[in-house]
Protein chains: 2
Amino acid sequence: MGEITQRAPIPPLAGRASFLLSQLGTRSAQEFANRLAPLGMRPSHFGLLMHLSQDEGQSQQQLADAMGIHRNVMVGLVDDLENRGLIERRRHPTDRRAHALHLTAAAHDLLPRARRAADEQETQLLAGIDEADRNHLIALLQRLADHAGLSPGVHPGLRDDGSSAAHRPC
Amino acid sequence: MGEITQRAPIPPLAGRASFLLSQLGTRSAQEFANRLAPLGMRPSHFGLLMHLSQDEGQSQQQLADAMGIHRNVMVGLVDDLENRGLIERRRHPTDRRAHALHLTAAAHDLLPRARRAADEQETQLLAGIDEADRNHLIALLQRLADHAGLSPGVHPGLRDDGSSAAHRPC
DNA sequence: CTATGATTGTCACTATATATGACAATAACC
DNA sequence: GGTTATTGTCATATATAGTGACAATCATAG
């Protein structure tokens, strides 16, 4: 090996969009969980309330499909939120197997506060970037998400696509 | 409440940078894990090999510090890679408590293949975006990462900052 | 109307990952 | 020489996620 410069073969891991997205996404998710914790919620709870607020009375299965999670997982989420007095399981008007889920008054009070927490995070995240770049960034991210086949508003961290990527025993 | 338009209060969850980053970051991490799986590695293994390749002979503690993980976790990672014949625990030249970690020939052979897998993912991720926008995107992401206090090349998913965000029992 | 199969919500069980604390060996310090 | 800190290891708790089974109910076929 002659006079090679020795440090050429290292490709900048930190200069790749995929790595940066993974870094920032993980941090962003942690941060959101932390901001939600004082309200007694986890991100999945927030997502459920958001989805439900757009159309109350859905069954657990409907919600699970919309959020991309398994109905078995939905049971636990609904249990949590019911115990915290944020949603109610009522009788479904047409299907006696299913429950009709409804937000309580407490949820209608809490949800805006959670949204404000999200707003604060967004503000802090984008603090160092001017308006034009923010819009450009968000547009680019949306294009990436669309191109990657991600559904708007559906978080893959609560996935149930059967692939089970975290399984191989090394 | 009078004649309000009813659907104004829903802020577009899918239009927030923080949510998009979380979405794309999660997907990106899954995707990378999938691409690495055929090589018998997980992302943390890849990270370890990358860090070690820049300076062989490090102790486990040194590596753990560099990667931002706990030394107890490092034991398992090193076990995995040692069993797969990718690294060796040799005697540390100056500290008989510590091991000096070294890559094997197999690792020097495997690492470029793993890096190529990452390249392919990067290419696919950015497929729909032209050169100028790619550079702009990466620059913006780097600014966000820097502003968020993320160390270049250190993935927070393997964190050990003692905060333990996933603990509150709801 | 009844019989068969599909769907909904629930639960129990399993595996996996993650964190915590203890430990022996060794080093560093005074 | 004696005390304290560090390194690597292990055992254990804890949380999370995935799987399969189940009763109740619905839908459909005959």
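Look up: the structure comes first, before these words.
Since the structure is predicted, the reported quantities are computational estimates derived from the model, not experimental observations.

Novice: Provide a residue-level description of the packing of helix H2 (residues 43-54) of chain A against helix H3 (residues 60-67) of chain A, including the pertinent values.
Specialist: All names here are of chain A. In contact at an axis separation of 10 Å, H2 and H3 are set at 110 degrees when each is read in the N-to-C sense. Classified by the interaxial angle, the pair formed by H2 and H3 is roughly perpendicular. Note on packing geometry: the crossing formed by H2 with H3 is right-handed. Within the contact between the two elements, H2 uses Gly47, Leu48, His51 and Leu52 and H3 uses Leu63, Ala66 and Met67. For the contact of H2 with H3, a count of residues per class yields five nonpolar, two polar and no charged.

Novice: Provide a residue-level description of the interface of chain A and chain B, including the pertinent values.
Specialist: Contact with chain A, which involves 58 residues of that partner, is made by 58 residues of chain B. Among the elements that line the side of chain A that touches chain B, the one with the most residues is helix H1 (residues 17-36) of chain A, at 16 residues. Taken together, the residues of the side of chain A that touches chain B break down into 30 nonpolar, 19 polar and nine charged.

Novice: Help me get a handle on the protein's contact with DNA strand D, residues and values and all.
Specialist: Around DNA strand D, a shell composed of 18 residues is seen, among which A:Arg96, B:Ser59, B:Gln60, B:Gln61 and B:Ala98 lie nearest. Of all the secondary-structure elements, those providing two or more residues to the surface near DNA strand D are helix H3 (60-67) and helix H4 (71-83) of chain B. Grouping the amino acids of the surface near DNA strand D by side-chain chemistry returns five nonpolar, eight polar and five charged.

Novice: For the relation of the copies chain A and chain B, give the residues involved together with the corresponding values.
Specialist: At an RMSD of 0.0 Å, chain A and chain B line up after a rotation of 180 degrees and a shift of 0.0 Å along the axis. What the superposition gives is, in effect, a two-fold axis relating one chain to the other. Every residue of chain A has its C-alpha some distance from the rotation axis, and the shortest such distance is that of A:Gly25, at 2.1 Å.

Novice: So what's going on with H3(A)? Which residues, and what values?
Specialist: Residues and elements named next belong to chain A. Within the span of H3, buried status applies to Leu63, Ala64 and Met67. The buried residues of H3 all sit within an arc of 100 degrees when viewed along its axis, so they share a single face. On its buried side, H3 packs onto H2, helix H4 (71-83) and strand S2 (99-103). Gly68 lies just past H3 and shows a positive phi near 75 degrees.

Criteria and cut-off values
Residues numbered from 1 in each chain as written. Chains lettered and ligands numbered in written order. Predicted model: local features only at pLDDT ≥ 70, side-chain atom pairs only at ≥ 80, totals over all residues. Axes fitted to C-alpha atoms, helices over the stretch in contact; angles between N-to-C directions. Helix = DSSP H or I, 4+ residues; strand = E, 2+ residues; numbered from the N terminus. Parallel < 35°, antiparallel > 145°, perpendicular 65-115°, else oblique. Left-handed = near helix turned anticlockwise from the far one by under 90°. Contact = placed C-beta atoms within 7 Å. Nonpolar A, V, L, I, M, F, W, Y, C, P; charged D, E, K, R; others polar. Near = placed C-beta within 6 Å. Least-squares fit on C-alpha atoms with pLDDT ≥ 70 in both. Buried ≥ 20, exposed ≤ 12 C-beta atoms within 10 Å, placed from the backbone. Arc of directions from axis to C-beta.

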